[in-house]
Amino acid sequence: YSTAANSSGGRAALFLDGASSNTITGVTATNALAAGNAVRIENGGYNTVSQSSVSALGAGSAAFYLSGSSFNAVTQSYILGGSYGLYAGASDSNTVTNSYLWGGDDGVRLNTGSDSNVISFSTMIGQGGKGFYSIAADSNVVADCVLWGGSYGAFLDSGSDYNVMSRCSIQGGSDGVFLNN
């Protein structure tokens, strides 16, 4: 097992910039900075993170951050973020399986253009917000998961179309599932 940490500057403990086809197993990645990331993948694809512990608990932090990245996989990992466990923007066809994702705001946030992602056999907790949140993100699948949010278990915001949720336990402080189209 390996450790990657960021406590004095930079954006991430583990940063894959344009990197593809890497396998990362058994790493503990931490970032104590505000708005930082433990794992950050930009414009990369076909990377796998498995059996890892990923945490970025500073204000505004996303523990696992994807931007313009596709066909990446996260499996059997524990992910904790100050704001988001997993944040994806313009990132398609990624998979998350058998993982725990916790965020101070949202467990998972799929932002504009993050389409055709699959999350299965995982737990998503948004302490103050949503377990799962998507905005303008289409054709995503959430299956065999537990979703809990302080406000909503799952919130599909405007422009989130053709998404599928099946065999999930979904609970929220206000509503279990909220569709805002």
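Here the structure is a predicted model, which is why all the values come from computation and not from measurement.

Undergrad: Describe the side chain of R109, and please don't skip the residues or the numbers.
TA: Here R109 is to be found in strand β14 (residues 106-110). D106 provides the closest opposite charge to the buried, unpaired R109, separated from it by 4.1 Å. Leave out the neighbours within four places in its chain, and R109 touches Y84, L86, Y87, A88, Y133 and I135.

Undergrad: Please set out the nonpolar core residue by residue, giving values where relevant.
TA: Of all hydrophobic cores here, the largest spans 32 residues; its most connected members are F64, V108, M124 and F132. Within the residue set of this core, elements represented by two or more residues are β2 (12-17), β4 (27-31), β5 (37-42), β7 (53-56), β8 (62-67), β11 (84-89), β14 and β20 (152-156). Apart from residues no more than four positions distant in its own chain, F132 is found in contact with V108, L110, I119, M124, V142, L147, G153, A154, F155, L156 and M165.

Undergrad: A description of the packing of aromatic side chains should follow, citing residues and the corresponding values.
TA: Scanning the entire structure with this criterion turns up eight aromatic pairs. Arranged with centres 5.3 Å apart and planes meeting at 10°, the rings of Y65 and Y87 form a pair that is stacked. With Y65 in strand β8 and Y87 in strand β11, this pair connects stretches of sequence that are 22 residues apart. Pair check on accessibility: Y65 and Y87 agree, each one buried. Between Y133 and F155 the ring centres are 5.4 Å apart and the planes differ by 50°, which places this aromatic pair in the tilted class. Of this pair, Y133 sits in strand β17 (residues 130-134) while F155 sits in strand β20, and the two are 22 residues apart along the sequence. Exposure class is identical for Y133 and F155. Each is buried. Following the ring pairs from residue to residue traces out a cluster consisting of Y133, Y152, F155 and F178. The side chain of K130 reaches across the aromatic face of Y133, ending 4.7 Å from its centre.

Rules used throughout
Going along each chain's sequence as written, the residues are numbered from 1 onward. Only residues with pLDDT of at least 70 are given local features in this predicted model, and only at 80 or more are side-chain atom pairs given and counted; all residues enter the totals for whole chains, interfaces and linings. The side-chain numbers reported here are obtained from all heavy atoms of the structure, hydrogens and water having been left aside. The helix and strand labels rest on DSSP assignments: H or I over at least four residues marks a helix, E over at least two residues marks a strand, and numbering proceeds from the N terminus. Burial status follows relative accessibility: with a 1.4 Å probe on protein chains alone, a residue under 20% of its type maximum counts as buried, one over 50% as exposed, and anything between as partly exposed. Within this scheme the basic residues Lys and Arg register as positive and the acidic residues Asp and Glu register as negative, but His and the chain ends are omitted. The working definition used for a salt bridge is a side-chain nitrogen of Lys or Arg within 4 Å of a carboxyl oxygen of Asp or Glu. The contact rule is simple, with two residues in contact once any of their heavy atoms fall within 4.5 Å. Each nonpolar core is a collection of buried residues, namely Ala, Val, Leu, Ile, Met, Phe, Trp, Tyr and Cys, held together in the definition by side-chain atoms within 4.5 Å. Two aromatic rings from Phe, Tyr or Trp, using only the six-membered ring of Trp, form a pair when their centres are within 6.5 Å; if the ring planes differ by under 30 degrees the pair is stacked, by over 60 it is edge-to-face, and anything between is tilted. Placement of a charge over a ring requires the Lys NZ or Arg CZ to be within 6 Å of the ring centre, with the centre-to-atom vector within 35 degrees of the ring normal.

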